[in-house]
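Coordinate analysis (summary)
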Amino acid sequence: MARTSYFSLRYHRGQLVLRTGTFLIGRSRQCDLVLGNPLASRRHVRLYVNDVRVVAEDLGSQNGVFLNGARLKERTVLKHQDVLRFGSDEVVLLEGGDARFPSESPTDLLRTPNEEPTLIPDYRLALLSPREREVLTFVVHGFTHREIAERLCISIKTVESHKNRIGNKLELKSRAELVRFALDHGLLRSSWSEPP
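Conventions we followed
Residues numbered from 1 in each chain as written. Predicted model: local features only at pLDDT ≥ 70, side-chain atom pairs only at ≥ 80, totals over all residues. Heavy atoms only, no water. Salt bridge = Lys/Arg side-chain N within 4 Å of Asp/Glu carboxyl O. Helix = DSSP H or I, 4+ residues; strand = E, 2+ residues; numbered from the N terminus. Pairing = 2+ DSSP bridges. pLDDT = per-residue confidence, 0-100. Contact = heavy atoms within 4.5 Å. Axes fitted to C-alpha atoms, helices over the stretch in contact; angles between N-to-C directions. Parallel < 35°, antiparallel > 145°, perpendicular 65-115°, else oblique. Nonpolar A, V, L, I, M, F, W, Y, C, P; charged D, E, K, R; others polar. Buried < 20%, exposed > 50% of the residue type's maximum accessible area, 1.4 Å probe, protein only. Core = buried A, V, L, I, M, F, W, Y, C linked by side-chain atoms within 4.5 Å.

Under the defined criterion, the tally for this structure stands at seven salt bridges. Linking Glu132 and Arg165 is a salt bridge whose minimum nitrogen-to-oxygen distance equals 3.0 Å. Taken together, the residues span a long stretch of sequence, with Glu132 in helix H1 (residues 130–140) and Arg165 in helix H3 (residues 156–170) at a distance of 33 residues. Across the salt bridge formed by Lys169 and Glu132, the nearest N and O atoms sit 2.8 Å from each other. Of the two residues, Lys169 sits in helix H3 while Glu132 sits in helix H1, which places them 37 residues apart along the sequence.

A few words on the sheet that holds strand E5 (residues 45–49). One open sheet holds the five strands; their spatial order is E4-E3-E5-E6-E9, and the pairing between them is mixed. Of all the strands in the sheet, just strand E4 (33–34) and strand E9 (76–77) have a single pairing partner and so form its edges. Bridge analysis of strand E6 (residues 54–58) against E9 gives two bridges, and the strand direction is antiparallel. Paired with Ala56 across the strands is Thr76, a residue of E9.

A separate point is the sheet that holds strand E2 (residues 14–18). Spatially, six strands are ordered E2-E1-E11-E10-E7-E8 in an open sheet, and the strand pairing comes out antiparallel. Either end of the sheet is taken by a strand with one partner, and the two such strands are E2 and strand E8 (70–71). With five bridges connecting them, strand E1 (residues 7–11) and strand E11 (residues 89–95) associate as antiparallel partners. Along E11, the bridge assignment pairs Ser8 with Leu94.

Now for the confidence of the model for the chain. Looking at the chain as a whole, its pLDDT mean stands at 76, while 75% of the residues score no less than 70. Scored below 50 in pLDDT, residues 97–121 makes 78 contacts in the model with residues more than four places away or belonging to other chains.

One way to put it is that helix H2 (residues 145–152) packs onto H3 with a least axis distance of 8 Å and a crossing angle of 110°. It follows that H2 is roughly perpendicular to H3 by the angle criterion. Where H2 abuts H3, its residues His145, Arg146, Ile148 and Ala149 lie against Ile156, Val159, Glu160 and Lys163. Here the residues of the contact of H2 with H3 are counted per class, giving four nonpolar, one polar and three charged.

Next up on the list: the pairing of E6. When a strand is regular, its side chains alternate between the sheet's two faces. Most of E6 sits out of view: four of its five residues are buried. Of the pairings in the sheet, the one linking E5 to E6 comprises five bridges and is antiparallel in character. Pairing of Leu47 across the sheet is with Ala56, part of E6. Following E5, the chain reverses through four residues before pairing antiparallel with E6.

Okay, the nonpolar core next. Within the largest apolar cluster, 23 residues are counted, with the highest numbers of intra-cluster contacts made by Leu18, Ile25, Leu47 and Leu84. Within the residue set of this core, elements represented by two or more residues are E1, E2, strand E3 (21–26), E5, E6, strand E10 (83–86) and E11. Counting residues in each nonpolar core, the second largest holds 17 residues, with Phe143, Ile148, Ala149 and Ala182 among its members.

Looking now at unusual backbone geometry. With a phi close to 50°, Asn68 is a non-glycine residue in the positive phi region. Along the chain, the position of Asn68 falls in the loop between strand E7 (66–67) and E8. One non-glycine residue with positive phi stands out, namely Glu171, at about 60°. Mapping Glu171 onto the fold places it in the loop between H3 and helix H4 (175–184). Taking relative accessible area as the criterion, Glu171 reaches 63% and is therefore assigned exposed.

Structure representation (structure tokens):
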């Protein structure tokens, strides 16, 4: 059986594994990669990812997307080590290995609710959606399901569903295991404060 290639993005000192489907980059908290760059649009660029290629599309951003220094004008297939730049931020596309068993542990960026990026050296976190990452951060900081539901304006059942999916994706069953994982990966911060 042929190995399946995987794609990832190098961003600052981290690396994010790209799953099959779409990957949004921009300032919106709903994006997969959230930028703090004021020159970036809320939804700046979309990547379409499958087993054999990654296609980039500018989503009508005001300041544009640049591919290897040239403005991106249409959907374009990316190649290994292509550089996408949006304002002062840039990502580099990397290809190689098997997505299920990467030869190096890619790093994911998890944003805590106060918007400070934290580098997490565990590829499993790349499997979590932005909302699941947000729920995880509240869970490991000791919030109850009811408190999380109130703060995120979702139902308690939805919180429980997110927590179950997080546990399945991270292969952890209890809150204690999630907290241990958070401690091991630097997710718990003494200066953490919840969003307004």
